[in-house]
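Letter by letter, the chains look like this.
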There are 4 protein chains.
Amino acid sequence: MPEVKTLILGAGYVTTFFTVGLERLKRGKIEPYGVPLASFDIGVDIDDIKVVACVDVDARKVGKTMYDIAREFYKLRNVPRTLKDVVVYPGIEMGFVKGLFPVNSLDYGRSFQRSVEEMYEFIGKAEPDVIVDATTTQYAEPFNEYRLLEKAVMERRLTPTQFYAYLALKLMEEGKQISYVNLIPTPIANDYAYISAAGKFGGLVLGDDGATGATPLTADILEHLRERNRRVLGLAQLNIGGNSDFKSLLDEKRNRAKEYTKSSIVEDILGYYTPSYIKPTGFLSSLGDKKFVSMHIEYTSFNGVKDEIIVNMRINDSPALAGYIVDLVRLAKLALNAGICGTIYDINAFYMKKPGPPNSKNIARILAFERLISFVKTIADRRQLNVQQSMF
Amino acid sequence: MPEVKTLILGAGYVTTFFTVGLERLKRGKIEPYGVPLASFDIGVDIDDIKVVACVDVDARKVGKTMYDIAREFYKLRNVPRTLKDVVVYPGIEMGFVKGLFPVNSLDYGRSFQRSVEEMYEFIGKAEPDVIVDATTTQYAEPFNEYRLLEKAVMERRLTPTQFYAYLALKLMEEGKQISYVNLIPTPIANDYAYISAAGKFGGLVLGDDGATGATPLTADILEHLRERNRRVLGLAQLNIGGNSDFKSLLDEKRNRAKEYTKSSIVEDILGYYTPSYIKPTGFLSSLGDKKFVSMHIEYTSFNGVKDEIIVNMRINDSPALAGYIVDLVRLAKLALNAGICGTIYDINAFYMKKPGPPNSKNIARILAFERLISFVKTIADRRQLNVQQSMF
Amino acid sequence: MPEVKTLILGAGYVTTFFTVGLERLKRGKIEPYGVPLASFDIGVDIDDIKVVACVDVDARKVGKTMYDIAREFYKLRNVPRTLKDVVVYPGIEMGFVKGLFPVNSLDYGRSFQRSVEEMYEFIGKAEPDVIVDATTTQYAEPFNEYRLLEKAVMERRLTPTQFYAYLALKLMEEGKQISYVNLIPTPIANDYAYISAAGKFGGLVLGDDGATGATPLTADILEHLRERNRRVLGLAQLNIGGNSDFKSLLDEKRNRAKEYTKSSIVEDILGYYTPSYIKPTGFLSSLGDKKFVSMHIEYTSFNGVKDEIIVNMRINDSPALAGYIVDLVRLAKLALNAGICGTIYDINAFYMKKPGPPNSKNIARILAFERLISFVKTIADRRQLNVQQSMF
Amino acid sequence: MPEVKTLILGAGYVTTFFTVGLERLKRGKIEPYGVPLASFDIGVDIDDIKVVACVDVDARKVGKTMYDIAREFYKLRNVPRTLKDVVVYPGIEMGFVKGLFPVNSLDYGRSFQRSVEEMYEFIGKAEPDVIVDATTTQYAEPFNEYRLLEKAVMERRLTPTQFYAYLALKLMEEGKQISYVNLIPTPIANDYAYISAAGKFGGLVLGDDGATGATPLTADILEHLRERNRRVLGLAQLNIGGNSDFKSLLDEKRNRAKEYTKSSIVEDILGYYTPSYIKPTGFLSSLGDKKFVSMHIEYTSFNGVKDEIIVNMRINDSPALAGYIVDLVRLAKLALNAGICGTIYDINAFYMKKPGPPNSKNIARILAFERLISFVKTIADRRQLNVQQSMF
């Protein structure tokens, strides 16, 4: 199997952990814990994944290698030396991370048109099979129509993620087989503008918002209660963390973006409205990359009695998401090989908080896993046929 | 649809709650919360269930009506007056609950042979479609062969539950269509002696050990972790309660019976051995019928990071099990109507801690629910055909 | 002992619970649980307390009796009929609760000067010994000087609580012996403008912000860790509730007022800075008056090992504060009888989140209780002497 | 100040951690976190403590140095090389640890009389100022009279700890100034036989059962509730661990010894009986030296409302106790220098689960700390006087 060339947007903790863990996995230094489909032969191996390029706008990272960033910035140990080959290239910032850190971006002190061209050229030269977007959370509304997306590009009324995904569409249009995996809340797989264009151009968009922490577990616990016909009276899911993701959520608008992808889950699964509070609550530096989650669920059981469940988690969110990327890159390539384009709910439903296409329901993750396995098996069965087909 | 005549073994909190809740449900006084299949039309309605008889060996209950027991013994409110019709008849005790409470049983001060006949006659006259066993937990080993079971009956070397289930087999042998639903840890659906005889006689045995509290949730959380390939390092599930069930577990042997049905779940679901501690921990009178459960799970995620989940539950176990009985009685009748005999894993896997037949695996409850629904639909499809068939 | 006439500002859940509980206590209908000094003979008995008047600005309450409010508004049961004598009088609103509920206040559609006079006259006629302020949380800065307070009154630049407390000062100035007990975060006992004036006029101010829920327990847990020289690395205290107090905190400014009184506690007790996050987190209607609190503390122990403590609480905040009022009214009267004026740290330190006078430290509540008991004993010893003296 | 020669009984995790941590503290390699009085100048410095000898009966440890044990047995890092000087000497086993590990003891294959003499000689030569007992938990009853203790020695009817403490008494009788610090549940400071003899001979006994984990925190939380007059309805404290201490508690008799020291605390502090369940619950190897604690408290507050507190802890018990030893050795020496003999409640009440002398009450730890500080200050004040005096 040839390499799966992977381009990364955002050299943050998640993608750093991904690149480090991936190389260590390839060398057999670690067990593939946290990679859901590690033991499944899906036709694209972990060993095939190769990170070919990385883009960021943090001036402290641009120009450095992933090796340096892993060791100096994130204090990781056992960093494989192969990461010295991946140098961080400046991205497009568009004023969206102002104040969070010093910026070094292509669009800084240069015409936007010019920087767009440079970015496009850089991505094109990298010849990525898969683009993984793990940039900083930005609030945005979907465009719904490709026409409106193009207009917004002209007028520069879009966020970096929407812009990167647009560049990916342009490359697809030129005939490149590319998958765009969106791990942040910005609607891409939930925007018809992107998935219909991708479907038309033979590309793939997966997303939105990687689901690693408390939300997928909440989904399964809610399903557990639903199946017993226990009436959920209310649900609170509080979480606090110490990494830059949480720090940036102090910004109200970013928090709202997060909240949107999370709270739909309750009604989607239960099938009725119930009061719920699910959002990133605050920032506490001492937690570092770990997150503390506290969940309270109260429900009515038989003959009106009331029960309650309290869940506390102390979890490393970024590594969990990094493990998912190993799968998502393989699945994205697998799907493209099989000629599936647009977006794929059967993948999104397991890995994403807000699975595309638009208006899709969140389902219990244990059921989503069943669908994922079934999808993978179906592909495996027809791998020879390789029919061009849009799932969407 | 004709009545589903139900005979109850054990007038404890669970069955009292069941009879009270059932009558209130029929009257539309409560929502069917806690009854998993309440909204499914499975061909046997909740309204069809009728409790026709009840057996117990507690001298404080024998001779009283379920109405009195619900009000005076368990201090329940809103008890329907129809429960005045169900009078508790003395059962067989065989020395197994000595010391727990004052005993009034058929086998007290009378030849065993004589009391067996009376018991058999009583049950026969009640003409039950379904017998629900919710007696006190007793430790027992399976007989495996019907021949050995019969020998044990002769020699009186068996527990009350094994004995009641044997009487049910005798009635089946006489051509009565009976389902025996075993909610306690004693192996009945996990004993070939019972299920093969039931299969032969055209009867049904469901069991063992109703799964309402922390164990099913643990199953789903373990599945959640397994699907993400997170390596569980260890699991502790501590639980303490204040009802007579917990009090009786202070007796080491009874606790062992409980432990057996619970701990197999971890390896069954994860597929590998991991240290675990799952057993009823202690008795605390102030908790009353509520149970306090605390669970700690530690696991390894991507690139070797460690996470932990803590779950605390404050739950009413008995009402939850009472809600299950509403389903189990309907399903037992449904299966018999459809001519299925022996035992049915697709039912047991969802409702039971130790689902029969012997050596069956525990699976995640969310997956078990899928199988249950699929089973119910299959039956519904062929309801007209009514083929006599043993699932086992 | 003559009656302790008590005037209540704010007919909310706390004060309703207080008036109901107080009357039931007097009748011997309940045990005095939740009243810290119930078993101490401090010279002012619970039976002496008499609620003589109540003020509110909620149009749904003004004109109603506390009996009606307790039953209809808060759905309390067992409400003593004596509460029919307390009718809610309209208060001063000054635009601070706009949008939270329909308003009926003295300053609505009338000159401010006029409404001030009416309010003053109403309070004066009630002849209160103690005024208890449990109005809605308002953000405010201290005036520090009485002169500046008077100026602010002229210019109407103050909050209702600051205004009510000012009226109390005016009555003190006229020779009335009055204690003002401030249970909300607005700085009164933390404002030199009030406590120095009260000291001069022979009155008393206690406050600020009643400390019932998670914060006092946090204080004691922090002291517990401090005494073992365990280094606290960080503390998160998340809490979510469903009553109007939490709803109003959705307003950023009110939340800030709350945060201010809460977060000083960590450094006060530990003696060093450590990252902490303590604030009301959100609103979840299903919780009703109950609050769900979740706390996470991580610390370093001997030879560098790290431990963590997680506390989850499901508490009724309002009743807890209601129980404190029973004490605070008695203590306020006791202190005035003993001739102590200004403010009293030994009382505030136990009952308040932000104990006055200004710049006072928060101390562990178990130590504060020692001081409280010692204070009460000292007063008891010199009750005969009755020396006029300012503690401040 | 001269050295405080310390002899250690039991080369387990606690004392290994103590010796390693102590040496690192002396070298300034770590902060004195977990040492309660680290910042207090009590006249005996941490630098003065010198471990001169160590005794154990585990064949895998006897003859090895503490350096080897720390590194090989407990996998500790950064072990100071000075620990190479402390070689583990065989102790007296008397059949009490049979089955837990391979035994190498003085009383193995030798007359008891002979081994007693050797042990006595060994301790005598070590010339300890303080003997710290951290041997394996053994169940025992107090002798109450010295005469009965001597008789039991003759008849060999006592546990190793009772025997070691007896040897200490014999040395005191010979005029050696020795303190015996008992960290295990065996009653020593709770046995008049020991404390009266120690008082007579000018020696000191501190104990029993070091209080580091959940129990002291429980004490402070109970005091917190008591001071608010909240009625505790019941308390469950479950804990599970993975070290040899927990493993040995699977033995019923040892568990009972532990339970005894723990459960008295509830009534001692609350002043009334309430249902409680406090005992080591089980063993889970994956927890290693960490312990998982889960506590549930339910109480009634004002006007009859019910609240609940749930505490979960993930703690390292052994290091915490190791940190206490640093204090206890210093305090033991301080007290002897000041001429105080017998036992000292003001020390025991803070550091011990079952503080001696017999029939002493457990008090909240925050209050015990106040007494401890006051005791230390009193000694400091009269350090010059040095009056011989028995506190008991």
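Residues numbered from 1 in each chain as written. Chains lettered and ligands numbered in written order. Predicted model: local features only at pLDDT ≥ 70, side-chain atom pairs only at ≥ 80, totals over all residues.

## As for the overall build of chain A
Line of reasoning, step 1. Looking only at helices and strands, chain A features 12 helices and 12 strands.
Line of reasoning, step 2. In terms of C-alpha radius of gyration, chain A reaches 20 Å, essentially the compact-globule figure of 21 Å for 392 residues.
Line of reasoning, step 3. When the 392 residues of chain A are sorted by exposure, 62% land in the buried category.
Line of reasoning, step 4. The contacts of chain A with a sequence gap of at least 6 include a subset with a gap of at least 24, amounting to 77%. (Helix = DSSP H or I, 4+ residues; strand = E, 2+ residues; numbered from the N terminus. Rg over C-alpha atoms; globule rule 2.2 N^0.38 Å. Buried ≥ 20, exposed ≤ 12 C-beta atoms within 10 Å, placed from the backbone. Contact = placed C-beta atoms within 7 Å.)

## Quick look at the interface of chain B and chain A
How big an interface is tends to be expressed through the accessible area that disappears when the partners come together.
Line of reasoning, step 1. Counting residues at the interface gives 46 residues for chain B, matched by 46 residues for chain A.
Line of reasoning, step 2. Only helix H1 (13-26), helix H7 (214-227), strand S10 (306-316), helix H10 (317-337) and helix H12 (365-381) of chain B provide two or more residues apiece to the side of chain B that touches chain A.
Line of reasoning, step 3. Per-element accounting of the side of chain B that touches chain A gives the leading share, 10 residues, to S10(B).
Line of reasoning, step 4. Here the residues of the side of chain B that touches chain A sort into 23 nonpolar, 11 polar and 12 charged. (Nonpolar A, V, L, I, M, F, W, Y, C, P; charged D, E, K, R; others polar.)

## Here we look at the pairing of strand S7 (residues 231-241) of chain B
Residue and element names in this part refer to chain B.
Line of reasoning, step 1. Most of S7 sits inside the fold, with 10 of its 11 residues counted as buried.
Line of reasoning, step 2. Bridge count for S7 against strand S9 (residues 290-300) is 10 bridges, and the pairing is antiparallel. Across the sheet, residue Ala 236 finds its bridge partner in S9, namely His 296.
Line of reasoning, step 3. In the sheet, S7 pairs with strand S8 (residues 276-283) via 7 bridges, with the strands oriented parallel. Residue pairing in the sheet places Leu 238 in a bridge with Lys 279 of S8. (Pairing = 2+ DSSP bridges.)

## Things to note about the relation of the copies chain A and chain C
Line of reasoning, step 1. Between chain A and chain C, which share one sequence, the superposing operator has a rotation angle of 180 degrees and an axial displacement of 0.0 Å; the RMSD is 0.0 Å. A rotation of that kind, with that shift, is consistent with a two-fold axis.
Line of reasoning, step 2. The fraction of interface residues of chain A whose copies in chain C are also interface residues reaches 100%, indicating that both copies meet through the same surface. (Least-squares fit on C-alpha atoms with pLDDT ≥ 70 in both.)

## Here's the deal with unusual backbone geometry
Line of reasoning, step 1. A cis amide bond, omega 0 degrees, links Gly207(D) with the succeeding residue Asp208(D).
Line of reasoning, step 2. With respect to the helices, strands and loops of the structure, Asp208(D) is situated in the loop between strand S6 (204-206) and helix H7 (214-227).
Line of reasoning, step 3. In this structure, the amide linkage connecting Gly356(D) to the following residue, Pro357(D), adopts the cis form with an omega of 5 degrees.
Line of reasoning, step 4. Counting through the fold element by element, Pro357(D) comes out in the loop between helix H11 (345-351) and helix H12 (365-381).
Line of reasoning, step 5. Phi angles above zero are rare outside glycine, and Lys75(A) is one such case at about 55 degrees.
Line of reasoning, step 6. Its location among the elements puts Lys75(A) in the loop between helix H2 (66-73) and strand S3 (88-90).

## Considering the domain arrangement of chain A
Residues and elements named next belong to chain A.
Line of reasoning, step 1. By the assigned domains, chain A splits into domain 1 (4-210 + 319-381) and domain 2 (214-316).
Line of reasoning, step 2. If you look at the interface, domain 1 gives 20 residues, while domain 2 gives 22 residues.
Line of reasoning, step 3. Taken together, the elements giving at least two residues each to the side of domain 1 that touches domain 2 come down to helix H10 (317-337) and helix H12 (365-381).
Line of reasoning, step 4. Looking at the side of domain 1 that touches domain 2 element by element, the count peaks at 3 residues for H12. (Domains from an automatic or database assignment.)

## Concerning the relation of the copies chain B and chain A
Line of reasoning, step 1. Expressed as a screw transformation, the operator carrying chain B onto chain A has a rotation angle of 180 degrees and an axial translation of 0.0 Å, and the superposed copies differ by an RMSD of 0.1 Å.
Line of reasoning, step 2. Taken together, the interface assignments show that 100% of the residues at the interface of chain B recur at the interface of chain A, consistent with an identical surface on both copies.

## Remarks on the packing of helix H3 (residues 112-126) of chain D against helix H5 (residues 160-173) of chain D
Residues and elements named next belong to chain D.
Line of reasoning, step 1. The geometry of H3 relative to H5 is characterised by a closest axis approach of 10 Å and an angle of 55 degrees between their N-to-C directions. Judged by the inter-axis angle, H3 sits oblique to H5. Considering how the two elements wind past one another, H3 and H5 form a crossing that is right-handed. For the pair H3 and H5, the contacting residues are Met 119, Tyr 120, Ile 123 and Gly 124 in the first and Leu 167, Lys 170 and Leu 171 in the second.
Line of reasoning, step 2. When the residues that make up the contact of H3 with H5 are grouped by side-chain class, the tally is 5 nonpolar, 1 polar and 1 charged. (Axes fitted to C-alpha atoms, helices over the stretch in contact; angles between N-to-C directions. Parallel < 35°, antiparallel > 145°, perpendicular 65-115°, else oblique. Left-handed = near helix turned anticlockwise from the far one by under 90°.)

## Some remarks on the environment of Lys75(D)
Line of reasoning, step 1. With 8 C-beta atoms packed within 10 Å, Lys75(D) lands in the exposed category.
Line of reasoning, step 2. Note: C-alpha distance between Lys75(D) and Ser244(D) (169 residues apart in sequence) is 15 Å.

## What to know about the sheet that holds S9(B)
Line of reasoning, step 1. Pairing is mixed across the open sheet formed by 8 strands, whose spatial order is S8(A)-S7(A)-S9(A)-S10(A)-S10(B)-S9(B)-S7(B)-S8(B). Lying at the two open borders of the sheet, with one neighbouring strand each, are strand S8 (276-283) of chain A together with S8 of chain B. Neighbour-to-neighbour, the strand axes of this sheet turn through a mean angle of 10 degrees, independent of strand direction.
Line of reasoning, step 2. Bridge analysis of S9(B) against S10(B) gives 11 bridges, and the strand direction is antiparallel. Opposite Met295(B), over in S10(B), you have Val311(B) as the bridge partner.
Line of reasoning, step 3. With respect to the sheet, H10(B) is in contact with S9 and S10 of chain B, its orientation differing from that of S10(B) by roughly 80 degrees.

## Side note on the interface of chain A and chain C
Line of reasoning, step 1. Across the contact, 19 residues belong to chain A and 19 residues belong to chain C.
Line of reasoning, step 2. Secondary structure elements with two or more residues in the side of chain A that touches chain C: strand S7 (231-241), S8, strand S9 (290-300) and strand S10 (306-316) of chain A.
Line of reasoning, step 3. Considering each element in turn, the side of chain A that touches chain C owes the most residues, 5 residues, to S7(A).
Line of reasoning, step 4. Partitioned by chemical class, the residues of the side of chain A that touches chain C number 10 nonpolar, 8 polar and 1 charged.

## Some thoughts on the packing of helix H7 (residues 214-227) of chain C against H12(D)
Line of reasoning, step 1. At a minimum axis separation of 10 Å, H7(C) and H12(D) run at an interaxial angle of 40 degrees. Judged by the inter-axis angle, H7(C) sits oblique to H12(D). Of the two elements, H7(C) crosses H12(D), and the hand of that crossing is left-handed. Contacts between H7(C) and H12(D) involve Asp220(C), Glu223(C), His224(C) and Glu227(C) from the first element and Arg365(D), Ile366(D) and Phe369(D) from the second.
Line of reasoning, step 2. In terms of residue class, the contact of H7(C) with H12(D) is built from 2 nonpolar, 1 polar and 4 charged.

## Thoughts on the pairing of strand S4 (residues 130-133) of chain B
All names here are of chain B.
Line of reasoning, step 1. Residue alternation in S4 divides its side chains into two sets, Val 130 and Val 132 and Ile 131 and Asp 133, and both sets are buried.
Line of reasoning, step 2. Pairing of strand S1 (residues 4-9) with S4 involves 4 bridges; the strand directions are parallel. Counterpart to Leu 7 in the pairing with S4 is Ile 131.

## Thoughts on the sheet that holds strand S3 (residues 88-90) of chain B
Residue and element names in this part refer to chain B.
Line of reasoning, step 1. Within the open sheet, the 6 strands sit side by side as S3-S2-S1-S4-S5-S6. Their pairing is parallel. Where the open sheet ends on each side, the last strands, each with one partner, are S3 and strand S6 (204-206). Each adjacent strand pair in this sheet contributes to an overall mean axis angle of 20 degrees, direction not counted.
Line of reasoning, step 2. Sheet contacts for helix H3 (residues 112-126): S1, strand S2 (49-56) and S3; angle to S1, the most-contacted strand, approximately 155 degrees.

## As for the environment of Tyr192(B)
Residue and element names in this part refer to chain B.
Line of reasoning, step 1. Take Tyr 192: it is sitting in helix H6 (residues 192-201).
Line of reasoning, step 2. For the pair Tyr 192 and Gly 356, spaced 164 residues apart in the sequence, the C-alpha separation amounts to 9.3 Å.
Line of reasoning, step 3. Those residues in contact with Tyr 192 that lie beyond four places of it in its chain are Asn 144, Glu 145 and Pro 358.

## Some details on H7(C)
Residues and elements named next belong to chain C.
Line of reasoning, step 1. Taking 1.5 Å as the rise per residue, H7 with 14 residues should run 20 Å; its terminal C-alpha atoms sit 20 Å apart, in good agreement.
Line of reasoning, step 2. The buried fraction of H7 is high, at 14 of 14 residues.
Line of reasoning, step 3. Looking at the residues trailing H7, positive phi occurs at Asn 229, about 60 degrees. (Expected span 1.5 Å × (residues − 1).)

## Focus on the confidence of the model for chain A
All names here are of chain A.
Line of reasoning, step 1. Across chain A, the average pLDDT comes to 91, with 93% of residues at or above 70.
Line of reasoning, step 2. Every residue in residues 385-392 scores below 50 in pLDDT, and together they form 17 contacts with partners more than four places removed in sequence or on other chains.
Line of reasoning, step 3. Among the prediction metrics, the complex's ipTM stands at 0.93, with pTM recorded as 0.92. (pLDDT = per-residue confidence, 0-100.)

## A short note on the environment of Thr186(D)
All names here are of chain D.
Line of reasoning, step 1. Checked against the element boundaries, Thr 186 lands in the loop between strand S5 (179-182) and helix H6 (192-201).
Line of reasoning, step 2. Residues Thr 186 and Lys 61 lie 125 residues apart in sequence; the distance between their C-alpha atoms is 23 Å.
Line of reasoning, step 3. Residue contacts for Thr 186: discarding those within four places in its chain leaves Gln 138, Ala 140, Thr 159, Thr 161, Gln 162 and Asp 208.

## Concerning helix H1 (residues 13-26) of chain C
Residue and element names in this part refer to chain C.
Line of reasoning, step 1. Taking 1.5 Å of rise per residue, the 14 residues of H1 would be expected to cover 20 Å, and the 20 Å separating its terminal C-alpha atoms lies within 8% of that figure.
Line of reasoning, step 2. Counting buried residues along H1, 12 of its 14 residues qualify, which places the element largely inside the surrounding structure.
Line of reasoning, step 3. Every buried residue of H1 is accounted for by Tyr 13, Val 14, Thr 15, Thr 16, Phe 17, Phe 18, Thr 19, Val 20, Gly 21, Leu 22, Glu 23 and Leu 25.
Line of reasoning, step 4. Buried positions along H1 lie against strand S1 (4-9), strand S2 (49-56), helix H2 (66-73), strand S4 (130-133) and helix H10 (317-337).
Line of reasoning, step 5. Within two residues after H1, Gly 28 carries a phi angle of roughly 75 degrees, on the positive side.

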